Structures are given as C-alpha cells and as structure tokens.
Amino acid sequence: MCGIVGYTGPKQAYPIILKGLKRLEYRGYDSSGVALLHNGKLDVYKKKGKVAQLEESLVGVNVHAHIGIGHTRWATHGEPSDRNSHPHTSSSGRLSMIHNGIIENYAQLKKELLSKNYTFTSDTDTEVLLNFIEDILLNNNCTLEEAVRIALKRITGAYCILLLDEQDPETIIAARKGSPLVIGIGKGEHFLASDASPIIEYTKEVVYVNDYELAIVRPNELILKNIGNEKITPFITKLDMELAAIEKGGYDHFMLKEIYEQPSTIQDCLRGRLHAEDGTITMAGIDDNIEQIKNAERIMIVACGTSWHAGLVAEYIIEELCRIPVEVEYASEFRYRNPIVNKGDVIIAISQSGETADTLVALEKAKENGAFIFGVVNAVGSSIARISHAGAYTHAGHEIGVASTKAFTGQLVVLTMMALRIAIQKETITQERYLHLLTELADVPEKVDAILKNAEHIKTIALKYKDAHDFLFLGRGYNFPIALEGALKLKEISYIHAEGYPAAEMKHGPIALVDENLPVVFIATKDSYHEKIVSNMQEIKARKGKIISIITEGDDISPTLSNDCIFIPPADELIAPIISVIPLQLLSYFTGIAKGIDVDKPRNLAKSVTVE
Ligand code: G6P
C-alpha cells in the first residue's frame, strides 16, 4: 500500500507534499519521509510514525525546493523505523526513490549487488531496486530513464516508483505496475500521487498511469512511454471530486463523517437508477449486458475484507431473486487455487478502492480465461473499474476512514438493485414483490437517518462494554454477513477480539466461550428466521452471556431476553442488512473512541491494500 506524492514546478514542493501525504495516510502511516532537490543537492528527511511527526521534526529546517517526492509507509519489508522509511538514497547518493508495492525477487538482486560490493542501510526491497537501477545507470552509460526501464524488465512484483536524480533539477521519473499512480496537470507544474486527493485543490486535469508505463515528468512536460520505450499519448481525465469531500467537515473523525453521510451517499447511489414510482431500475452496465448476465450458469463474486461481506449478502439476494448459483470467493484464495473459470462466466468484483492487489490479479486471471468481469467499485477510474468489462459505481464519494462504512452500504444498495434488475428480466420475481422491494430500497436513506438520530443510546452501550476482551456477533440469513461485518469493524478500530458467526452454528463451538463476561451482539431484525434467532438468544441467556440486540421497532420478545437493545425501523428482510449494519458501525466507532484509539488510522491496517 503506502502513499506517494511528487511535485515539480514553480511552487514550494514541501508544503504540497506534506499536505498530500496527510491525505494519503489512509494508505499507511507507520513512517514517512520526503526528498527535496535544491541547487543540485538532495535532502532526505524521514521519520518513524505518522506524517505529523515528520512535520514536527522539520520545524525550523530549510525545506526550500521546487521539486520533491514524499512517502507514507505501510511496512512490508523491514520493521517501521527511521532507516526503513522512504525515500531511500542510492549508494552513490545521486538518486532518491520512493516505492509502493513489493519487489518479489529482491533477494536475488540483492545477492548480485552485494557481490559488487554494494552496501545497504535498510532492510527494504526498495533500496535493492534503487541500487539495481543505479548499477545499471553507472555501468551502461545510459540515461536514468533507460536504466529504470532496463531494471523494471528484470523485476517481478508490484511497484509504483518515483525517482529524483541530483543531476537533473526538474525531472521526476515515475513508473507503475500494480500500484496506482495519478499525475495532475497544472500550469507549468505537475503533481504525482497514489490517488487524486493530494492533487484536487491544484488541478482537476489528471492522467491515470497504466501498468507497465513510465512517465518522465517536468514542470512543462509530461512524457508517457511504455516499458518498450514507445511513446503513449496521455489520456487526460477531468476529476469529478470536490475538496470538501476529502475534509472532515466539522466531524471529529472521517469515520464518523462517513457514517453520517450514509443517508445522502445511499441516495446518490439510488439516484437516476431506481425509479420506484414507475417501477424501473436503470443500470447501464447491467442493461447493456443483460442477456449475458441473466443467462449465466453461475456468478462468482470476488472481493476482500468488508467488500467480501457485501458479496456474501449479494449471494443470498441473487440466489433468492434471480435463481442463479453464486459463489463468493476471497480474492487472495481465488487467485492461487486454480479455480475453474470458463468463457462467459460472470464475475462480480467488489472493491471500495478499486486497487486491492489480490482482487485485481484475480480478475486479470479470470479475464484471461474469458470471464465477463462486472465491477462494483467506489473509486472512479481505479484499476479494477478500468479492467472490468462493465460495472456500476457505488457513488459513496471518497472514503478516508480505514474502516469501510459508507462504501459498504453503497455496495449493498448497488448489488440489491442489480439483483432486482436481473430478476425482473429473468422473470424470477413477481411484479408485486419487485415493486415492494423498489419502494423498500427508496425508503432506506430515511431509515438510516432515523438510526443515526439514536447515536447517543448506542454510545452508552459502547461505554458499558468497552472493557470486554471478546465479543461475539450472531446473525442468520441476510443478517449473517452483517454479523461478520460487525465483528470485523469492532476488531479493526477497538482492538477487541470479536467473532462473527451464523447464530445457529454458534452451538458448534463458540458457545464454549459464553459466560457472564462475554457480550453477544444479536442482529435479530424481524424476518423469516426471527423465531429461530430468538431461540439462539435463549441459549446465550441460559449461559449468562450479555445480550446486545439489534431488533426491529415493535419487537416485544427480544427485549425480555436482552441486556441492551437497539431498535431499528422495520424493513423487508432482503433490505434489512443495509440498515442493520449502521448501529454496528456506531457501536465500533464509540468503543474505539472510548478506548482512545485513532479510529481513522488504527494500528497495522491500511485502507488500500495494494500488496498481496
Ligand atoms: C482493507 C480495508 C478494508 C477493505 C479491504 C478491501 O483491508 O481496510 O476496509 O474492506 O481492504 O478493500 P477494497 O478497497 O477492495 O474494498
């Protein structure tokens, strides 16, 4: 993962890079650094910890420069420390480089370099690649651009690199494979970054660099080439993103802001697609490919993390409404286990960032086998969006908090609309049920809003249980994946161990954990499983577990079994997950805050996982 920023132009580079790194901290935040080139001299500053610590260490230091690169790290090779932080400097001191990704054959390259008496000051694969480039540069009497090209042909793995050369006062050399890179085009200046957030306030014109492309970036010039040295015409895209979208807007944390944005992000997701009054759903990606999708013999869903949970909900919904078999796969397993993918198979890829390495590679492989790839992606223009044959954006806006919230509800809304659109075409749903579900979907923003108004009550519950060592989350049917998501959210931002389980399966193991110290969260909204899950509550109560239940307004049985209840508005069972996840997001948020955790940047995590 890691975030990278670069600038070349007439402005001061350091403030632009620093601000950009702060925006990219969601990608990693265990150390950071900058390299600034001024008067033919490279100054490199780096620090373990968050970007604010780097900033603090540079107060009073002369950081004057018009060109520079910066990095915020999520450690892969080498522990987080000052010396393993990027930028790295080449043996001769001439080059400085930052890198996002993993060089898989670094050990072999390092061996070669050690035999040539190169020494290393860090444990990173990045320093190996940098010295490998320098070695080629010095021994072949070529340009840096050529040396980079030769080196990249020899390496395996993923990278986005930015390089500065002391002997070239205006140029940044950049290249990517597998890790994202956007170049912003200003007036007599260029900005480089892992995503558009560091660029947005300076220019809306950007170029998304593709895999195996190399960019030579100067204030007044952007040359794009492929790795075979052929020039490529940069394709300029206009950013459709506002600065306000990436600021906290009065909230204490991005996560809280994003939770509260959900009534409007869900509305944005429905807008122009769901027409409840005339009973139609318009989704260009589905409409244009309806025959292929509706006739699929099976659908495979590939995703990671929270997006995988959305896939599990979709499995239940698509099988129920469309009668098409669905398999949900962890992308990291799918890519390596030699799955059977045939020509014409439909693969739905779900990803907030659109950059998750495992998902991306899994899709590339499936595509090679002739599968039809449908992307359900949040980040517009991201790699997964671009390699998909068709897709539907979730329109949740920029999500910055590491724990995914609004992107998840956006995914559920898109996947539900897709299932309805396919089902009506396939005639596997009655007109009456179809129209009912359309109205239910249209009502979701209002219901989410009602839950958010109950936040104080959820906060009280969070404070009551914040010192528990473990939590169990249980749900059945459509709410089973929500139990998994509730447990994941709590783990991510409160560091409390939590397990999600199908409520009935609980008696085959986790029930052994139940005693008076174990809070058990039941997602037990009124649905066709309700009586069954009430029995599961009885089983927990009989063993003195503390029951926190998420239940439907009007339910008068569950409260008699629960220690604490969170009531939510009634909804059709198929729509309920979009609503029942909201209290779980708030429960995790308030628990994390009560424990003094930086919920936007919890330890060890990163938002966009661009390494496998
Ligand atoms: C990381 C994030 C999760 C996210 C997962 C998949 O682990 O912290 O919030 O669900 O990656 O990411 P994607 O961008 O593909 O949805």
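Report on the accompanying structure. (Residues numbered from 1 in each chain as written. Predicted model: local features only at pLDDT ≥ 70, side-chain atom pairs only at ≥ 80, totals over all residues. Heavy atoms only, no water.)

**Quick notes on the overall build of the protein chain**
In terms of helices and strands, the protein chain carries 21 helices and 27 strands. For 612 residues, the compact-globule estimate of 2.2 N^0.38 gives 25 Å, and the C-alpha radius of gyration of the protein chain, at 25 Å, lies within 12% of that figure. Principal-axis analysis of the C-alpha atoms places the extent of the protein chain at approximately 80 × 55 × 45 Å. In the protein chain, buried positions account for 61% of the 612 residues. Put simply, of all contacts in the protein chain between residues at least 6 apart along the chain, 71% involve residues at least 24 apart. With an accessible surface of roughly 23000 Å², the protein chain has 49% of that area assigned to carbon and sulfur atoms. (Helix = DSSP H or I, 4+ residues; strand = E, 2+ residues; numbered from the N terminus. Rg over C-alpha atoms; globule rule 2.2 N^0.38 Å. Buried < 20%, exposed > 50% of the residue type's maximum accessible area, 1.4 Å probe, protein only. Contact = heavy atoms within 4.5 Å. Areas by Shrake-Rupley, 256 points an atom, 1.4 Å probe, with all protein chains shown as cover.)

**Some details on the nonpolar core**
Leu321, Ile348, Phe374 and Phe471 are the most contacted members of the largest nonpolar core, which totals 94 residues. Looking at this core element by element, the count peaks at 11 residues for helix H14 (residues 406–426). Split by domain, this core shows at least three residues from each of two domains, domain 2 (248–442) and domain 3 (454–600). Contacts of Phe471, omitting those with residues within four sequence positions, involve Tyr465, Leu490, Ile496, His497, Ala498, Glu499, Leu518, Pro519, Val521 and Ile548. Of all hydrophobic cores here, the second largest spans 31 residues; its members include Ile17, Leu21, Val34 and Ile246. (Core = buried A, V, L, I, M, F, W, Y, C linked by side-chain atoms within 4.5 Å. Domains from an automatic or database assignment.)

**Here's the deal with the side chain of Thr409**
Residue position: Thr409 is located in helix H14. On the basis of relative accessibility, which here comes to 0%, the residue Thr409 falls in the buried class. The residues touching Thr409, leaving out its near neighbours within four places in the chain, are Gln262, Ile266, Ile578, Val581, Ile582 and Gln585.

**What about helix H18 (residues 480–494)?**
The α-helix advances 3.6 residues per turn, and as a result positions three or four apart in sequence lie on the same side. The first and last C-alpha atoms of H18 sit 21 Å apart over 15 residues, in line with the 21 Å expected at 1.5 Å per residue. Most of H18 sits inside the fold, with 13 of its 15 residues counted as buried. (Expected span 1.5 Å × (residues − 1).)

**Brief notes about the packing of helix H7 (residues 262–270) against H14**
In a pair of packed helices, the angle between the axes and the distance between the axes together describe the arrangement. Where H7 contacts H14, the two axes come as close as 9 Å, and the packing angle between them is 30°. Considering their axes alone, H7 and H14 lie roughly parallel with respect to each other. Taken as a pair, H7 and H14 cross one another with a handedness that is right-handed. On H14, the residues that touch Gln262, Thr265, Ile266, Cys269 and Leu270 of H7 are Lys406, Thr409, Gly410, Val413, Val414 and Met417. Partitioned by chemical class, the residues of the contact of H7 with H14 number 6 nonpolar, 4 polar and 1 charged. (Axes fitted to C-alpha atoms, helices over the stretch in contact; angles between N-to-C directions. Parallel < 35°, antiparallel > 145°, perpendicular 65-115°, else oblique. Left-handed = near helix turned anticlockwise from the far one by under 90°. Nonpolar A, V, L, I, M, F, W, Y, C, P; charged D, E, K, R; others polar.)

**Here's the deal with the site of the ligand**
Near the ligand there are 13 residues, and of these Ser307, Ser351, Gln352, Ser353 and Thr356 occur at the shortest range. A distance of 2.6 Å separates an oxygen atom of the ligand from a polar atom in the side chain of Ser351. In this structure, Ser353 approaches the ligand through a side-chain N or O atom, which is 2.6 Å from an oxygen atom. Within the complex, the protein chains bury 91% of what would otherwise be the 390 Å² of accessible surface of the ligand. Applying the majority rule of atoms within 2 Å of the grid points places the ligand in the second largest pocket. If one sorts the elements of the shell around the ligand by residue count, helix H10 (residues 305–322) sits on top with 3 residues. (Near = heavy atom within 4 Å. Polar contact = N/O pair within 3.5 Å; in protein donor to acceptor, adjacent residues only side chain to side chain. 1 Å grid on protein atoms, 1.4 Å probe; cavity = no way out; pocket = protein on both sides within 12 Å on 5 of 7 lines; lining within 4 Å. Sits in = over half its atoms within 2 Å of the grid points.)

**Some thoughts on the pattern of salt bridges**
Scanning the entire structure with this criterion turns up 33 salt bridges. With a closest N to O distance of 2.7 Å, Glu189 and Lys11 form a salt bridge. Here Lys11 lies in the loop between strand E1 (3–8) and helix H1 (13–23) and Glu189 lies in the loop between strand E9 (182–185) and strand E10 (190–193), a separation of 178 residues in the sequence. Across the pair Glu440 and Lys447 runs a salt bridge, and its minimum N-O distance is 3.7 Å. Classification of Glu440 as buried rests on a relative accessible area of 12%. Since its relative accessible area comes to 13%, Lys447 is described here as buried. Linked by salt bridges that have partners in common, Lys19, Arg23, Glu201 and Glu247 make up one network. (Salt bridge = Lys/Arg side-chain N within 4 Å of Asp/Glu carboxyl O.)

**Examining helix H15 (residues 431–442)**
In this model, H15 (12 residues) spans 17 Å end to end at C-alpha, consistent with the 16 Å of a helix rising 1.5 Å per residue. For H15, every residue scored as buried is listed here: Tyr434, Leu437, Leu438, Glu440 and Leu441. On an axial view of H15, the arc spanned by its buried residues comes to 165°, and they lie on one face. (Arc of directions from axis to C-beta.)

**Notes on empty space enclosed by the protein**
Considering all chains together, one arrives at 1 cavity of 30 Å³ or more under this definition. Considering only enclosed or pocket space, the largest cavity measures out at about 70 Å³ in volume. In terms of lining, the largest cavity is formed by Cys2, Arg73, Trp74, Ala75, Thr76, His77, His86, His99, Gly101, Thr124, Asp125 and Thr126. At the level of elements, strand E6 (95–103) and helix H4 (125–140) are the ones that each hand at least two residues to the lining of the largest cavity. Looking at the lining of the largest cavity residue by residue, the classes come out as 3 nonpolar, 7 polar and 2 charged. (Points joined across faces, edges and corners; volume = space filled by probe spheres on them.)

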